[in-house]
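# Residue-level structure breakdown
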Amino acid sequence: MMVSGGSVLKYSSDNVVIKSANDRRLYRVIQLSNGLVALLVHDPQIYPDGLPQPSHLPDKNEPEAEDEDESEDEDGDGDGDEDEDDEEEDEDEDEDEADADNEKEKTAQTKKAAAAMCVGFGSFSDPPEAPGLAHFLEHMLFMGSTEFPDENEYDSYLSKHGGSSNAYTEAEHTCYHFEVEREFLKGALRRFSQFFISPLVKLEAMEREVLAVDSEFNQVLQNDGCRLQQLLCHTSEDGHPFNRFSWGNKKSLVDAVEKGIDLRKQILELYNDYYHGGLMKLVVIGGEPLDVLQQWVVELFSDVRQGSQGKPEFKVEGPVWRAGKLYRLEAVKDVHILELRWALPCLLQAYLKKPEDYLAHLLGHVILDLPVNTYLCFLNFDEILYGWHCVINCKCNIFFPLLFPEGKGSLHYFLKAKGWVTSLSAGVSDDGMERSSVAYIFSMSIYLTDCGLGKIFDIIGYVYQYLKLLRQLSPQEWIFKELQDMGNMDFRFAEEKPQDDYAAGLAGSFLLFFKILTCIC
């Protein structure tokens, strides 16, 4: 349905989203005239007994929940009949306790409302002289707005109403999300919308937030996954988008100031360049009808600055890493892992075929989170086809293809039988840097035994012999069909996620696939 005239609503459709037959939620996609696109989700389980009367819904000027609780306590004083005997009082108390338990159980099971906003701007857009600035900008948006100047207003409102919030900065997008008790969704959205309309970026708050960014960095210093990611960045080619310190810390930001960089000015420039409707994808999940959610989004987000749909582009010349390199990274945990990396071209347009998942299925299990690293090899995509010059020339019996990568005859089975490995996994991580418009990074993680630690080059040799076998046969349709059937099964019987996680995941997918999105994954 197209909406024309002077309306701020440019587009609205209830038929864009293909959902599972078991999904009872209703979906609507709308686009405002400022370019912002929103996915509205009506979840009937948020109000399983029906939406309360409008008079019972909290308003912006309604007293806080604590006042209501106090009134209830005051009304409750003096309840009971003094003339009743002890036996009747005991029975009433038992009934009251049972009712209270049922009410608590019902309240505990009540689903919350949620929302998320993904902006097509991330750490790849950091200026070279100020590493971590995109992450710092994310922090500064929480520090008050023109309409709500109190720095703690947003978090305070959510915490008072059983909610919470979070945000994260990826390579090419930044995501803000929250959840809140169902009755207070509009109030939370009102405060949330101001992040993207009129943030104050207070100068007096910047020093504190520099320390907050530094604290986050210090917390992950002993995290092997984060240490590995920084090694990936540090060893990439100069000038490549990967070659940056995306976390940021006190040193990187203070060094920028000492070089004469005005951090507040830089933040405002980035905000003005990228925080506009054309780069924003909003998801709102509530128990209200879609028409009500749409009305709220139009009311609260129409003042977002207008912008085009064009996303930042990053030109890359040459490989991500120099091929044939072996690095040793001292792990915090007591574990030995061989990590092999191949840089593939961006495969976003092939999302229906998912060639990276097909290859991952043949080599090992698809991974979602990067494991700890002990040894790391950087390889080029062409080397999947033509081999690696440092591989030892070995010979082994491996049979292709096997649907179950841990079964007899698989690479995992062969290496485990030698006593060299305990497990093996492969795939493209969902991490923003490893699945970007610049490149897809295909990883193979091989957990080594103490014996296998001394056989690293032998293991690499066997991996390439297996890859050579894969080259000899064209892709098998029956394997693709098996993967397709498993994907359809996962889609049909998907486990329900926490509301804010679901909102954030939808917003991230929406940002990537808006022009070609046909289903919710």
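Residues numbered from 1 in each chain as written. Predicted model: local features only at pLDDT ≥ 70, side-chain atom pairs only at ≥ 80, totals over all residues. Heavy atoms only, no water.

Here the focus is the packing of helix H11 (residues 355–363) against helix H14 (residues 456–471). Direction vectors running N to C along H11 and H14 enclose 125°, while the axes themselves pass 11 Å from each other. Taken together, the axes of H11 and H14 are oblique relative to one another. H11 and H14 meet at a crossing whose hand is right-handed. Only Tyr-466, Leu-467 and Leu-470 of H14 make contact with H11, whose side of the interface consists of Leu-359, Leu-362 and Leu-363. Grouping the constituent residues of the contact of H11 with H14 by class yields 6 nonpolar, no polar and no charged. (Axes fitted to C-alpha atoms, helices over the stretch in contact; angles between N-to-C directions. Helix = DSSP H or I, 4+ residues; strand = E, 2+ residues; numbered from the N terminus. Parallel < 35°, antiparallel > 145°, perpendicular 65-115°, else oblique. Left-handed = near helix turned anticlockwise from the far one by under 90°. Contact = heavy atoms within 4.5 Å. Nonpolar A, V, L, I, M, F, W, Y, C, P; charged D, E, K, R; others polar.)

Applying the stated criterion across every chain, the model contains 27 aromatic pairs. Between the aromatic rings of Phe-178 and Phe-192, the centroid separation amounts to 5.2 Å while the plane-to-plane angle is 70°, which identifies the pairing as edge-to-face. Residue Phe-178 is found in strand S6 (residues 174–180), and its partner Phe-192 is found in helix H5 (residues 185–193); the two are separated by 14 residues along the sequence. Each member of the pair, Phe-178 together with Phe-192, is buried. Ring centres 4.8 Å apart and planes at 70° place the aromatic pair Phe-414 and Tyr-462 in the edge-to-face group. In this pair, Phe-414 sits in helix H13 (residues 411–417) while Tyr-462 sits in helix H14, placing the two residues 48 residues apart along the sequence. Judged by relative accessible area, Phe-414 falls into the buried class, the value being 18%. Of the residues examined, Tyr-462 reaches a relative accessible area of 8% and is grouped as buried. Three or more aromatic residues link up through ring pairs in this structure, and these residues are Phe-121, Phe-142, Tyr-154, Tyr-176, Phe-178, Phe-192, Phe-195, Phe-196, Tyr-271, Tyr-274 and Tyr-275. A cation over an aromatic ring shows up here: Lys-281 above the ring of Phe-514, its NZ or CZ 5.2 Å from the ring centre. (Phe/Tyr/Trp six-rings, centres within 6.5 Å; stacked < 30°, edge-to-face > 60°. Buried < 20%, exposed > 50% of the residue type's maximum accessible area, 1.4 Å probe, protein only. Lys NZ or Arg CZ within 6 Å of the ring centre and 35° of its normal.)

Time to look at the packing of H11 against helix H15 (residues 477–492). It is the contact of H11 with H15, at a shortest axis distance of 11 Å, that shows an interaxial angle of 105°. Here H15 runs roughly perpendicular to H11, going by the angle between their axes. Counting all contacts with H11, which are made through Asp-357, Tyr-358, His-361 and Leu-362, the residues of H15 involved are Ile-479, Phe-480, Leu-483 and Met-486. Residues belonging to the contact of H11 with H15 are distributed by class as follows: 6 nonpolar, 1 polar and 1 charged.

Quick look at the sheet that holds strand S4 (residues 113–119) now. A sheet is described by the order of its strands in space; here 7 strands give the open sequence S1-S2-S3-S7-S4-S6-S5, paired in mixed fashion. For this open sheet the edge positions go to strand S1 (9–13) and strand S5 (164–169), each flanked by a neighbour on one side alone. The average undirected angle you get between the axes of adjacent strands in this sheet is 15°. In the packing of helix H3 (residues 133–140) onto the sheet, the strands contacted are S5 and S6, and the crossing angle to S5 comes to about 160°. Strands in contact with H5 are S4, S6 and strand S7 (280–286); relative to S6, the strand with the most contacts, it is inclined by about 155°. (Pairing = 2+ DSSP bridges.)

So, on to the side chain of Ser-123. For Ser-123, the position within the fold is in the loop between S4 and H3. Setting aside residues up to four positions removed in sequence, Ser-123 forms contacts with Ala-134, Thr-169, Glu-170, Ala-171, Arg-244 and Ser-246.

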